[in-house]
Amino acid sequence: MFKIQHGPPVTLSTHIQSVFIVRRLEDIASTRSSRRTTSSVARFSSDQYWNMAIGNWVRIRAANNSTRNVIESTVDDEVVSTVESEGESIDVKAVVMLRKKMKGKISDKIGEWMESITKGIIGGAMLIQLVSEDIDPDTKSGKILECYAGSWLPKASDNPSIVEYTANFIVPSDFRRPGAIILTNFHDKEVHLVQIVIHGFGEGPITFPANTWIHSWKDDPDSRIIFRNQAYLPHQTAPGIRVLRREDLLKIRGNGNGERKRHERVYDYALYNDLGNPDKSNDLSRPVFGGEERPYPRRCRTGRSPTKTDPCAESIAESPHPVYVPRDEAFEEIKEDTLSAKRWNGLMHNLIPAIVAKFLSPNIPFNSFTDIDKLYIDGLSSKDENQKESLINQILFAGERLLKFEIPVIRRDRFAWLRDHEFARQTLAGVNPVNIELLKELPILSKLDPQIYGPPESAITKALIEPELNGMKIEEAIENKRLFILDHHDMFLPFIENINSLSGIKAYASRAVLFYTPTGILRPVIIELSLPPTPASPRTNRIFTPGHDATTSWLWKLAKAHVCSNDATIFQMVNHWMRIHACAEPYIIATHRQLSSMHPIYKLLHPHMRYTLQVNAFSRKTFISANGIVEALDCAGKYGVELSSAAYQNLWRFDMEALPADLVKRGMAVEDPAAPCGVKLVIEDYPYAADGLLLYSAIKELVESYVEHYYSEPDSVTSDVELQGWWNEIKNKGHPDKKDEPWWPNLITKEDLSGILTTMIWVVSGNHAAINFGQYPLGGYVLHRPTLMRKLIPQEEEPDYKQFLLDPEQMFLSSLPTQFQATKLLAVQDAVSTHSPDEEYLPQLQQLHSFLNNDQQVIEMYERFSARLVEIEQTIKERNEDATLINRCGAGTAPYELLIPSSLGPGVTGRGVPNSITN
């Protein structure tokens, strides 16, 4: 008789093994139980499984007999029959739905097909264990019934991307409704589980939503736990599955040790010590972010080993090995395909400039404004246009059509960048509409240390501003809220000396004051550009005004371009990366670690966490890493992350990330209890804020009704141990450098909870959409928004000043990014502004939550939310057609569509609000 070898179990982890009665295969075959409902978990080692597959016929057959379940195991012709239970029973079927892979090697597909046949014949593709919500009186734990899914081959479903396995159970009458499923995957590779649907319990199908990767038993012997689509607060959890709720969270948290493996779904925290590559070059060494010296939010831990040269730095994940993220956070295949296509397009767009740079010079400037337009019309031309038959020119000609960029919306008026009103309009309806502030007093004062950075008073004075106010006194302008400021002085000045020591980058610390005229026109009236003081020049502030003569006008254009380059870096590294991407990552980690997947707040937040950890991991490797895209294309260069760390330390507050609070803080709105969201805009024609408040209000209403539904009892918020642990972890582990700040909201009442959740959802949905998806449509024209400048503005005593007077256009063009930098920037902007085909938008939340939660009242809340989004979309459309709203309507003016909830499909659409940070 063949002897079954014992080995490591394929079952629950050691935390829970003591709770359930565990039986081995031979125990099942030899032990006669008085009740089939005795809690049991089948355990198999790898040797056991394959020994059965090769030499033993194992069949688990549920006989359609009201008096018994029969398990027959034939081992060398010996048959052992076990009567498991007596009494009435019902037939129950479990349908396991798996998602097919879209692509893969032919050899892999053949292997998977052969495995399906093998596993189907022996009935062992998946072990399913139903866990009842009620307690077994003998074991004091949930009752378990087990069966294999895959009694033959998987079958195709109505959905061509789905295959189905089935498992049939004979369920005793005293086995109540299942609340969880324990699943073991006996395939050699992971499978993507969409859902499991149980039929036959009389109350209709019971759905266990998943959308999760189930690891192979070869990778990890622990089984997975899947809960039904019902939300429970911790104290409401059915007795039979309480221990499973705790067990699942313990597994997700991990133990904080070792390098994480691709199949794992462990969430933990780490410092930003993975941006450099000191083993390759000392020039690629970068500081560690997070801690007292350089405060920062925490990222998801990967556990990679330290570098050889710097024990504080984490080693780089070299291709083809991806940066670890918990398995379910990784991009799906269709998203990967979209990114691959964009990477290929980017490669092609940069191929010719790279060849030109290789053979000629990497610093070829634009020689005329027409050269810039050729990026969108005729591709690039080589340096020497007389070399008609040169190899480079032949390559350029052959790739001409391939290298064209789509014309961005902002370029529908080629000369808009010259107008002051367009410069100002961008602060309200452009790529970065979140930095303009009300100017409340003069003089403008710096908060920097005067011992290091000189006198705190700005060089902008009443005498300089007043002539630009069309006869209005400065006091009247301030009192009537007509002066505004774009102030990047204090953020940039501490870094300017280091930035200007870099090759190919020159920058100032900028301020721009804007005047809102009685006719509703916002225009810049004065610009201040500052350099750090030196012993020879204790005050290095330069003032620029519009002027009317040729020289002053060209100097004004250069000054505006430098303000734009400052603003582009603040936009990318502070407002986009730090305030949204980096600060949201701890929310996601804490949600998975502290809130069970059956917790109502987990279900609320789940659609708003999709892809973000993968996007951030990719960004750390490619965008903000040493020699990455940001360092090459932004005016802060390698000091961009340090600048964002300073902004996190000095400016970031969770309570100010809510849109109404942010607007009031910047003086762009005043509190008004009668107005939507309790605020009234100072400038009504402020497209980002006006549309944003509509969306914020809709999110707030949804969240408040949702929270009221689940936390209607007194003290229900404070007594929710998972919820309190979640909020404490966000503060103490996710943002530990800010944990002692007094401004963190309390979490005591349902109003507190609603405010916290509304802020989080707004940040990752509406705010991110407004910031991210306009980068190419509204910023993809170099003249409109240069992200760096390569020269300082010449002064009269300098040699370059004479050249400036002789050829101001060439001086301007040579200060802009090079041709190579511009094409690389456009390719990046195009990629990050693209919606992938699998994007999930706010209007789809109703469908997504119907899958996650079977509560009819919750489904009706999302139906109302969807209806509200339709109204918002129509309102925005009407605003964009209103000729009185000149910041979004007019000749050549780009309509503001970034906060329209739906997109027009995949690609660069300039509209659509995804549920989460997906780019």
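For the structure itself, consult the block above.
Reading the values: the criteria
- Residues numbered from 1 in each chain as written.
- Predicted model: local features only at pLDDT ≥ 70, side-chain atom pairs only at ≥ 80, totals over all residues.
- Heavy atoms only, no water.
- Helix = DSSP H or I, 4+ residues; strand = E, 2+ residues; numbered from the N terminus.
- Buried < 20%, exposed > 50% of the residue type's maximum accessible area, 1.4 Å probe, protein only.
- Contact = heavy atoms within 4.5 Å.
- Areas by Shrake-Rupley, 256 points an atom, 1.4 Å probe, with all protein chains shown as cover.
- Pairing = 2+ DSSP bridges.
- Axes fitted to C-alpha atoms, helices over the stretch in contact; angles between N-to-C directions.
- Patch = residues over 30% accessible without salt bridge, like charges linked within 9 Å, V, L, I, M, F, W, Y side chains within 5 Å.
- Salt bridge = Lys/Arg side-chain N within 4 Å of Asp/Glu carboxyl O.
- Lys, Arg positive; Asp, Glu negative; His and termini not counted.
- Charge placed at Lys NZ, Arg CZ, Asp CG, Glu CD.
- Core = buried A, V, L, I, M, F, W, Y, C linked by side-chain atoms within 4.5 Å.
- Phe/Tyr/Trp six-rings, centres within 6.5 Å; stacked < 30°, edge-to-face > 60°.
- Expected span 1.5 Å × (residues − 1).
- Bend = angle between axes of the 7 residues up to and from the residue.
- Polar contact = N/O pair within 3.5 Å; in protein donor to acceptor, adjacent residues only side chain to side chain.
- Left-handed = near helix turned anticlockwise from the far one by under 90°.
- Nonpolar A, V, L, I, M, F, W, Y, C, P; charged D, E, K, R; others polar.

A. Region of the structure containing the overall build of the protein chain. For the protein chain, the count of helices and strands is 28 helices and 23 strands. In the protein chain, buried positions account for 59% of the 919 residues. Sequence separation of 24 or more characterises 74% of the internal contacts of the protein chain that already satisfy a separation of 6 or more. When the accessible surface of the protein chain is totalled, it reaches about 37600 Å², and 52% of it is carbon and sulfur.

B. Focus on the sheet that holds strand β20 (residues 522-530). Strand order in the open sheet formed by five strands is β17-β18-β19-β20-β21, with antiparallel pairing between adjacent strands. In the strand order of this sheet, the two ends are held by β17 (437-438) and β21 (541-544), each with one partner. Examined bridge by bridge, strand β19 (residues 509-516) and β20 share eight bridges and lie antiparallel to one another. Counterpart to Arg-511 in the pairing with β20 is Glu-528. The sheet strands contacting helix α13 (residues 489-499) are β18 (483-487), β19 and β20, and the helix crosses β19 at an angle near 160 degrees. Contacting β18, β19, β20 and β21, helix α14 (residues 550-594) runs over the sheet at an angle of about 80 degrees to β20.

C. Quick look at unusual backbone geometry. Cis geometry marks the peptide bond from Leu-442 to Pro-443; its omega dihedral reads 0 degrees. If you trace the backbone, Pro-443 turns up in the loop between β17 and α10 (450-453). Of note in the backbone geometry, Asn-627 takes a positive phi value of approximately 60 degrees without being a glycine. Within the secondary structure layout, Asn-627 lies in the loop between α16 (612-622) and α17 (629-633). By relative accessible area, Asn-627 is classed as exposed at 62%.

D. Representation of the side chain of Glu-722 within the structure. Tracing the backbone shows Glu-722 in helix α21 (residues 721-734). Accessibility expressed as a relative area gives 9% for Glu-722, which makes it buried. Setting aside its immediate chain neighbours within four residues, Glu-722 contacts Pro-234, Arg-245, Leu-249, Gln-594, Leu-595, Ser-596 and His-599.

E. Up close: a negative patch on the surface. Together, Glu-796, Glu-797, Glu-798 and Asp-800 make up a region of like negative charge exposed at the surface. With respect to the helices and strands, the residue Asp-800 is situated in helix α24 (residues 799-806).

F. Spotlight on the nonpolar core. Tyr-688 and Trp-726 are the most contacted members of the largest nonpolar core, which has 139 residues in total. Residue contacts for Tyr-688: discarding those within four places in its chain leaves Leu-428, Pro-433, Val-434, Leu-659, Arg-666, Trp-762, Asn-767, Ala-770, Tyr-896 and Leu-899. Counting residues in hydrophobic clusters, the runner-up holds 37 residues, among them Ile-410, Ile-527, Leu-555 and Leu-783.

G. The arrangement of the pattern of salt bridges in detail. Tallied over the full model, the rule gives 46 salt bridges. With its nearest N and O atoms 3.3 Å apart, the salt bridge here joins Asp-134 to Lys-143. Across the pair, Lys-143 and Asp-134 agree in class, each one buried.

H. Molecular detail of the sheet that holds strand β14 (residues 224-227). Strand order in this open sheet of four strands is β8-β7-β11-β14, and the pairing throughout is antiparallel. Edge positions in the sheet fall to β8 (142-149) and β14, since each has one partner strand and no second. For this sheet, the mean inter-axis angle between neighbouring strands, taken without regard to orientation, is 25 degrees. Relative to β14, strand β11 (residues 178-185) runs antiparallel, the two being bridged by four bridges. Paired with Ala-180 across the two strands is Phe-227, which belongs to β14. Strands in contact with helix α5 (residues 242-253) are β7 (126-135), β11 and β14; relative to β14, the strand with the most contacts, it is inclined by about 125 degrees.

I. Region of interest: the packing of aromatic side chains. Inspection of every chain in the model, using the stated rule, returns 27 aromatic pairs. When the centroid spacing of 5.9 Å and the interplanar angle of 65 degrees are considered together, the rings of Trp-652 and Trp-744 count as edge-to-face. Taken as a pair, Trp-652 in the loop between α18 (640-650) and α19 (659-665) and Trp-744 in the loop between α21 and α22 (750-772) lie far apart in primary sequence, 92 residues in all. We classify Trp-652 as buried; its relative accessible area is 2%. Exposure remark for Trp-744: the relative accessible area of 7% places this residue in the buried category. The rings of Tyr-272, Phe-289, Tyr-296, Trp-577, Tyr-587, Tyr-648, Trp-652, Phe-654, Trp-726, Trp-727, Trp-743 and Trp-744 are connected pair by pair, giving a single aromatic cluster.

J. Examining the pairing of strand β10 (residues 162-172) more closely. Among the 11 residues of β10, nine are classified as buried, and the element is accordingly described as predominantly covered. Here strand β6 (residues 89-99) pairs with β10 via 11 bridges, running antiparallel. Within β10, the residue paired with Ser-89 across the bridge is Pro-172.

K. Main features of the side chain of His-192. Mapped onto the fold, His-192 is located in strand β12 (residues 191-199). Residue class for His-192 comes out buried when judged on its relative accessible area of 5%. Residues contacting His-192, with those up to four places away along its chain left out, are Met-97, Leu-98, Arg-99, Asn-211, Thr-212 and Trp-213.

L. Representation of α21 within the structure. The terminal C-alpha atoms of α21, which comprises 14 residues, lie 18 Å apart, in line with the 20 Å expected from a rise of 1.5 Å per residue. Taking the largest bend as the criterion, α21 deviates by roughly 25 degrees, centred on Asn-728. Buried within α21 we find Glu-722, Leu-723, Gln-724, Trp-726, Trp-727, Glu-729, Ile-730, Lys-731 and Gly-734. Two to three positions downstream of the cap, the backbone nitrogen of Glu-722 sits 3.2 Å from a side-chain oxygen, assigning the N-cap of α21 to Asp-720.

M. Quick look at the environment of Ser-368. As for its position among the elements, Ser-368 is in the loop between α6 (333-359) and α7 (369-373). For Ser-368, a relative accessible area of 21% puts it in the partly exposed group. Residues Ser-368 and Leu-813, 445 residues apart in the sequence, show an inter-C-alpha distance of 7.1 Å. Those residues within four positions of Ser-368 in sequence are excluded, and the remaining contacts are Glu-809 and Leu-813.

N. View of the packing of α14 against α18. Contact pair α14 / α18: the axes reach a minimum separation of 9 Å and the direction vectors enclose 65 degrees. For α14 against α18, the interelement crossing comes out right-handed. Counted together, Ile-570, Met-573, Val-574, Met-578 and Cys-583 of α14 and Gly-640, Val-641, Leu-643, Ser-644, Ala-647 and Tyr-648 of α18 form the full contact between these two elements. Across the contact of α14 with α18, the residue classes break down as nine nonpolar, two polar and no charged.

O. Summary view of the pairing of β20. With nine of nine residues buried, β20 is to be regarded as a mostly interior element. What sits between the antiparallel neighbours β19 and β20 is a turn of five residues, in which Gly-520 has the positive phi angle 85 degrees. Sheet topology note: the β20/β21 ladder contains four bridges and is antiparallel. Considered in β21, the bridge of Glu-528 is made with Ile-543.

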